[in-house]
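Notes for the structure review
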Amino acid sequence: MKVYPGTSTRSRRSKSSAPSGRSNNTFFVYLTTLTTFVTVIGVCGLFFMFYMSLIQESRNIDQKIDNVKSQIADTNRSIKTLEDEYAKLSNLTHISAKIRQFRLPLVEAGHHQIRNREMEILTPLQAMQVRFPESRRGSVARNNHLRRY
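Everything numeric in this text was worked out from a predicted model, so none of it was measured.

1. What about the overall build of the protein chain?
- Helix and strand counts for the protein chain stand at four helices and zero strands.
- In the protein chain, the succession of helices and strands from N to C terminus is α-α-α-α.
- Taken across its 149 residues, the protein chain has 1% of its residues classed as buried.
- On the protein chain, roughly 15,300 Å² of surface is accessible, and the fraction owed to carbon and sulfur atoms is 61%.

Here's what the structure looks like:
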């Protein structure tokens, strides 16, 4: 027996013989597809919003950095101005001009008037209280013995 297309003995189901629950199944497929589509769009939107917030935060930080840099530049300019003014006012010619202008008498400076950045100048009373180590033979060992760490 030869079998030709369309002449098989099997019965084919027609479209009308489909189960009646297929319309409900189509609704659930449509609902699932729609929910998936909305979820994907929502996640993409959230990522975009997060990216935009990062860009905005980066711009705010850059603006704060620029503000701090301008404040530092202003501070450096004012420091330079003050250093120049200090150098001008501590110049010997300026001091001599002020001495002549106010007709100040030339007197010896007191010990409390002299200020030096490198060393402190002691008063005579403080200088008398400073004890120096003995410089005789054997005194080094005795000084080390007295100076216990």
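Having seen the structure, we can now continue with the description.
2. Comments concerning the pattern of salt bridges
- Enumeration according to the criterion identifies two salt bridges in this entry.
- Here Arg77 and Asp74 are joined by a salt bridge, their closest N and O atoms 2.1 Å apart. A residue pair is termed a helical-turn pair when its members lie 3 or 4 positions apart in one helix, as Arg77 and Asp74 do in helix H1 (residues 22–89) at three residues.
- Notably, a salt bridge pairs Asp84 with Lys80, separated by 3.6 Å at the nearest N-O pair. Residue Asp84 and its partner Lys80 are located together in helix H1, separated by four residues, close to a single helical turn.
- Relative accessible area serves as the criterion here: at 48%, Lys80 is assigned to the partly exposed category.

3. Structural notes on a nonpolar patch on the surface
- There is a patch of nonpolar side chains on the surface, built from Phe27, Phe28, Tyr30, Leu31, Leu34, Phe37, Val38 and Ile41 and spanning about 850 Å² of accessible area.
- When its relative accessible area of 48% is taken as the criterion, Ile41 is described as partly exposed.

4. Concerning unusual backbone geometry
- Of note in the backbone geometry, Arg103 takes a positive phi value of approximately 50 degrees without being a glycine.
- Among the secondary structure elements, Arg103 is positioned in the loop between helix H2 (92–102) and helix H3 (124–129).
- Classification of Arg103 by relative accessible area gives exposed; the value is 76%.

5. Topic: the confidence of the model for the protein chain
- Summarising the model, the protein chain shows a mean pLDDT of 80, and 65% of its residues fall at 70 or more.
- Per-element confidence in the protein chain is highest for H1, whose mean pLDDT is 94, and lowest for helix H4 (residues 139–146), whose mean pLDDT is 57.

6. Some remarks on the environment of Thr81
- Looking at the element boundaries, Thr81 is found in helix H1.
- A distance of 2.9 Å separates the side chain of Thr81 from the backbone oxygen of Arg77, its partner in a polar contact.

Criteria and cut-off values
Residues numbered from 1 in each chain as written. Predicted model: local features only at pLDDT ≥ 70, side-chain atom pairs only at ≥ 80, totals over all residues. Heavy atoms only, no water. Helix = DSSP H or I, 4+ residues; strand = E, 2+ residues; numbered from the N terminus. Buried < 20%, exposed > 50% of the residue type's maximum accessible area, 1.4 Å probe, protein only. Areas by Shrake-Rupley, 256 points an atom, 1.4 Å probe, with all protein chains shown as cover. Salt bridge = Lys/Arg side-chain N within 4 Å of Asp/Glu carboxyl O. Patch = residues over 30% accessible without salt bridge, like charges linked within 9 Å, V, L, I, M, F, W, Y side chains within 5 Å. pLDDT = per-residue confidence, 0-100. Polar contact = N/O pair within 3.5 Å; in protein donor to acceptor, adjacent residues only side chain to side chain.

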